[in-house]
Amino acid sequence: MKKFDLKGVKGVFANLRGGEKSASKGEVEIPETLQPHDFYCGKLSRHGFPFQPTCIAWDPIQKLVAVGTKRGDVRIIGKPGVDVAMQHTSPTVVLHIKFLINQGALITACSDDSINLWSYRQKVPEIVHSLKFCRERITCLYLAYQSKWLYLGTERGNVHIVNVETFTICGYIINWNKAIELSRKTHPGPVVHLSDNPMDPNKLLIGFETGLTVCWDLRCKMAESRFNSNECLRDACWSNEGKMFMCSYADGTLSTWNCKHPSKPVSVMTPHSKANKNGQLSPCKPINRLEWRAVKSGEPYIIFSGGMSYEAGRSPCLTIMHGKDVTVLEMEHKILDFIVLCRNVWSFEYDDPYAIVVLLASDLIFVDMTIPGYPCFQCPYALDLHESPVTCLKYISDCAADLIPAIYSCGAKQLREGYSKTEFPVSGGECTPSSNSYSEILITGHADGSIKFWDVSGSTILFLYRLKSSKQFEKIKRKYEEDEDVLAIQHIYLDEESRHLVVAASQHVIVYGYRKKELSYDVPVVEVPAISELVDEDIESPSSPSNIKVSQNISNNVTGPAEAGHVTRPNAENKDVKTSVKAKSGARKYSVGYQPELVVLVQWYEGTTPPIITSVCINSSYGMLAAGTTTSLFIMDTVQKTCLLNIHPAELCNSEIGRLATPTMTSPKKRLPSASVSDQESGAEANSRSTEQVMNVYIVIPVSSMCYKL
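Residues numbered from 1 in each chain as written. Predicted model: local features only at pLDDT ≥ 70, side-chain atom pairs only at ≥ 80, totals over all residues. Heavy atoms only, no water.

With that settled, the discussion passes to the pattern of salt bridges. Summed over the entire model, instances satisfying the criterion amount to 14 salt bridges. For Asp235, the salt bridge is made with Arg289, and the minimal N-O distance between the two is 2.9 Å. Pair noted here: Asp235 is in strand S17 (residues 233-238) and Arg289 is in strand S21 (residues 287-293), with a separation of 54 residues, a long-range link. When sorted by exposure, Asp235 lands in the same class as Arg289, which is buried. (Salt bridge = Lys/Arg side-chain N within 4 Å of Asp/Glu carboxyl O. Helix = DSSP H or I, 4+ residues; strand = E, 2+ residues; numbered from the N terminus. Buried < 20%, exposed > 50% of the residue type's maximum accessible area, 1.4 Å probe, protein only.)

Put into C-alpha cells, the structure is as follows:
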C-alpha cells in the first residue's frame, strides 16, 4: 500500500497561508470563453402536491382540474404529463377559481380583493384582465356555463355583476337592503352562495350567512321570495327541475325548500344525528359543502362534507346519500372542497354523476361513483411525493436499461387492492413525449423511514416502488411531537450493477438486496461499538507520542471479530450503551423486490452526544460496507455480517492504523470480546483536532484479502 505523504500537503497549506503563488512548469493557461450570460437556470417541471391548497375548479369539457393555494399559485392538472403552474404577481391567497368552460381561460378571486382573468391558450399563461375592489371583500362568485355574466358576492351582503367579455363591472348592483324584508332590522351578513335557477337564468338564488335565502328576479330587479332560517347558512344547491333547492346549515341539518312555499321548508333532516337517552338529538358539525345531483333512473344523490356528530370523532368525512343508502367516506386530512363530475354540462338536464374530486389539505382524492362502495381511483400523479416529508434525495442518470422495468415489476405488485379499474376521469390536455435517450431514477427518503423510487426519464414523474424501513424495528414511542424522527432517511446509496441498496438514518444502516422471489428469514443485526471523542486534557502536546488515548471497545456489544484500538474517554466502559432503535427478531416473510440483508445499529454512551451517520458506501463485488459518522469510521463485511474496522477520524493519520484485525468465521449472533491494543506512537500530523468528522467514504479497491485502501 502506498503511504500518504503529509509533507506535500503541509507545503500547500503553507503557501496558501503566505499568499504565495506557484505554478508548475508544465501548467498551461486555458482561456475562459464561457460567460455568465451563456448559462440559464430555469424550472423545467414541478411535481408533488400544491402547498397549502385553498380551492378547486373543474372544466367538464376539457377535463382539467385547477387548484389554488395560499401563496397565489394556480396549478392546472390534466392527464399524466399535463401540469401547468401559474403564479400571481403578489403572494396573495387564491380564494375562488372558476373555469370559462372550454375557452382556455379561468378566473381567480384573491384575498387582496382582485379578480383576475387568466388565459392559458398560449405556451406561457398570463393575466389578460384584472379588476380591483377597494371597499368590499369578495366572499363568493358564480359563473354559469356559456354565460357572459359573472356574479360576485361580498362581505357587506351586496352582489356585483361583471361582464366577462369586456371584464368590466356593470352598473347593476343587488344591494343587501333591497334583498331583505322591510321589517328586518339586522344585517343579513356576507353572501355565502350564488346560483341561478336551472330552468330560468333570470332567477338568482342569494344565500346570506345568517340563514336568509333570497330568490332574486334579475329582470324585475326585485326579490321574488325569501326563505328564513334561524341557523347559519353554509351552502345551497338547486334541483335540476328548478322548483326546489336544498340548504345546509351550521347545525348539521339539511332543509329542502319549495320556491312557491317560502314560509317553511318541505323537509328538514339531520343525517348523522342520533337520539340520546333523553330522546334529544345529539349536536352535529356544520355541513360546509352540499351537492344535489339527479340521475335518469333512481333517487338523486345528496353529497356533502361535514355534518358528523361531535361524538363520532374528529375524522373528516364525505357523505354520499342515494335513497336510503348512506355511505360515509373517512378522509385522512381536512376536506377543503369537493366537486362532483357529471356527464351532462347543462344544469337543467339529468346530471348523472360518475366521480367526485375531493381536495384535502394534503392530498387530492378521486372517488368512483359508478361502482358500489365508491372506491378511489389510483392517482397517476406524484401528488403523494410529500406524503411524508422528504429528507433525502438520490438522483441516478443514465442507469441500466433493465433497472426501471425490474423495479416497476415489483412496484406493480404493491398496489393496494380496492382501487377502481375505471378509466381515470381527468384526461385533458396534450403533452409532448420526452426526448431523453437514457433512463433516470429518483429515490426519495422520507421522515417516516420509507423509500420511494420514481421514474423521471420523461416530463412526468411516475411512481415505481415503495420500501418501508420501519418494518425492521419495533414501534418507537415519541415523548413529544416535535422530537426528531429517528427513522428519517438521511443517506441513500444504490449499486446499479448488483442492485444493492443502502439506506442510512441518523444511527442505523440497512442493506437491501434485490430478489425475484419471496423469502422468509431472520435479518442479521450488527451493533457497532461506541467511540467517544477525544478530551482536550488528554492531548498533552502535538509532539507527544502518547497524545491519543487508546482503549478497548465495548466487549459486550460487539458482533464479529476484534477491532483495532479506538479513541475513547477514560472509564467510558463504565457507562451504559444506547441505540436509537431496537431491531425486530425472528423470521419474517419478505415479498419480491428489495429485501433486507443486514441491519447495522450505531451505539453511543449514555450522557454523550449521539453520533450521526454522515456518509455510506458499498462495494458488492467484495462484500464491503463503509460508513462514516461524526465520531468514527466503520467497515462491515456484508457476507460474514461482521464489523472489521471501527476507528476515530483522528486515527486515520496514524501510520500503523493500516493493521486491521483478522476476521474469524463466526456466527453473526455470537458475541466476541474486542482485543486491546497498546498505545501507538504518532507525529504532530497524527492529531490536529479531536472534532474531525468523516464526511465522505469511498471504497476504491481491495489491496489484499484483508487490507483495503480507503
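Below, the discussion takes up the nonpolar core. One broad rule of soluble globular proteins: the nonpolar side chains tend to lie buried together. Core analysis: the biggest nonpolar cluster contains 34 residues, and Phe453, Leu501 and Tyr594 have the highest contact counts within it. Ranked by the residues each element gives to this core, the list is headed by helix H3 (residues 403-412), at five residues. Excluding residues within four positions of it along the chain, Phe453 makes contact with Ile407, Ile441, Leu442, Ile443, Leu462, Phe463, Leu464, Tyr465, Leu501 and Tyr594. (Core = buried A, V, L, I, M, F, W, Y, C linked by side-chain atoms within 4.5 Å. Contact = heavy atoms within 4.5 Å.)

As a further point, take the sheet that holds strand S6 (residues 105-110). Pairing is antiparallel across the open sheet formed by four strands, whose spatial order is S5-S6-S7-S8. Edge strands, defined here as strands with exactly one partner in the open sheet, are strand S5 (94-100) and strand S8 (126-132). Ignoring strand direction, the axes of neighbouring strands in this sheet form an average angle of 20°. Bridging between S5 and S6 involves six bridges; their strand directions are antiparallel. Counterpart to Val94 in the pairing with S6 is Cys110. (Pairing = 2+ DSSP bridges. Axes fitted to C-alpha atoms, helices over the stretch in contact; angles between N-to-C directions.)

We now examine the side chain of Asp352. Considering the arrangement of structural elements, one finds Asp352 in the loop between strand S25 (335-342) and strand S26 (353-360). The side chain of Asp352 sits in the buried core without any salt bridge; Lys296 is the nearest counter-charge, 4.5 Å away. A polar contact is formed between the side chain of Asp352 and the backbone nitrogen of Lys296, at a distance of 3.3 Å. Those residues in contact with Asp352 that sit more than four places away from it in its chain are Ala294, Val295, Lys296, Cys342, Arg343 and Asn344. (Lys, Arg positive; Asp, Glu negative; His and termini not counted. Polar contact = N/O pair within 3.5 Å; in protein donor to acceptor, adjacent residues only side chain to side chain.)

The next subject is the pairing of strand S1 (residues 53-59). Extensive coverage of S1 is indicated by the burial of six of its seven residues. Taken together, the six bridges between S1 and strand S2 (residues 64-69) define a ladder with antiparallel strand orientation. In the sheet register, Ile56 faces S2, and the bridge partner there is Val67. What sits between the antiparallel neighbours S1 and S2 is a turn of four residues, in which Lys63 has the positive phi angle 60°.

This next bit is on the pairing of strand S12 (residues 168-174). For strand S11 (residues 159-163) and S12, the ladder comprises four bridges, and the chain directions are antiparallel. When the sheet's bridge partners are listed, Val162 is paired in S12 with Ile169. Taking the residues between adjacent antiparallel strands as the criterion, S11 and S12 are bridged by four residues, where Phe167 takes a positive phi near 50°.

The subject of this paragraph is the sheet that holds S21. Across the sheet, four strands lie side by side as S21-S22-S23-S24; this open sheet has antiparallel pairing. Every other strand in the sheet has two partners, leaving S21 and strand S24 (325-330) as the edge strands with one partner each. Taking the axes of each pair of neighbouring strands and ignoring which way they run, one obtains an average angle of 15° across the sheet. When strand S23 (residues 317-322) meets S24, the two strands line up antiparallel, connected through six bridges. Paired with Cys317 across the two strands is Glu330, which belongs to S24.

Even without a glycine there, the phi angle at Gln146 is positive, about 60°. In this fold, Gln146 is placed in the loop between strand S9 (138-143) and strand S10 (149-154). The phi dihedral of Lys641 is positive, around 60°, even though this residue is not glycine. Tracing the backbone shows Lys641 in the loop between strand S45 (633-637) and strand S46 (642-647). You can call Lys641 buried: its relative accessible area is 14%.

Judged by side-chain polarity, Met199, Trp346 and Phe348 come together as a nonpolar surface patch covering roughly 310 Å² of accessible area. Tracing the backbone shows Trp346 in the loop between S25 and S26. For Trp346, a relative accessible area of 35% puts it in the partly exposed group. (Patch = residues over 30% accessible without salt bridge, like charges linked within 9 Å, V, L, I, M, F, W, Y side chains within 5 Å. Areas by Shrake-Rupley, 256 points an atom, 1.4 Å probe, with all protein chains shown as cover.)

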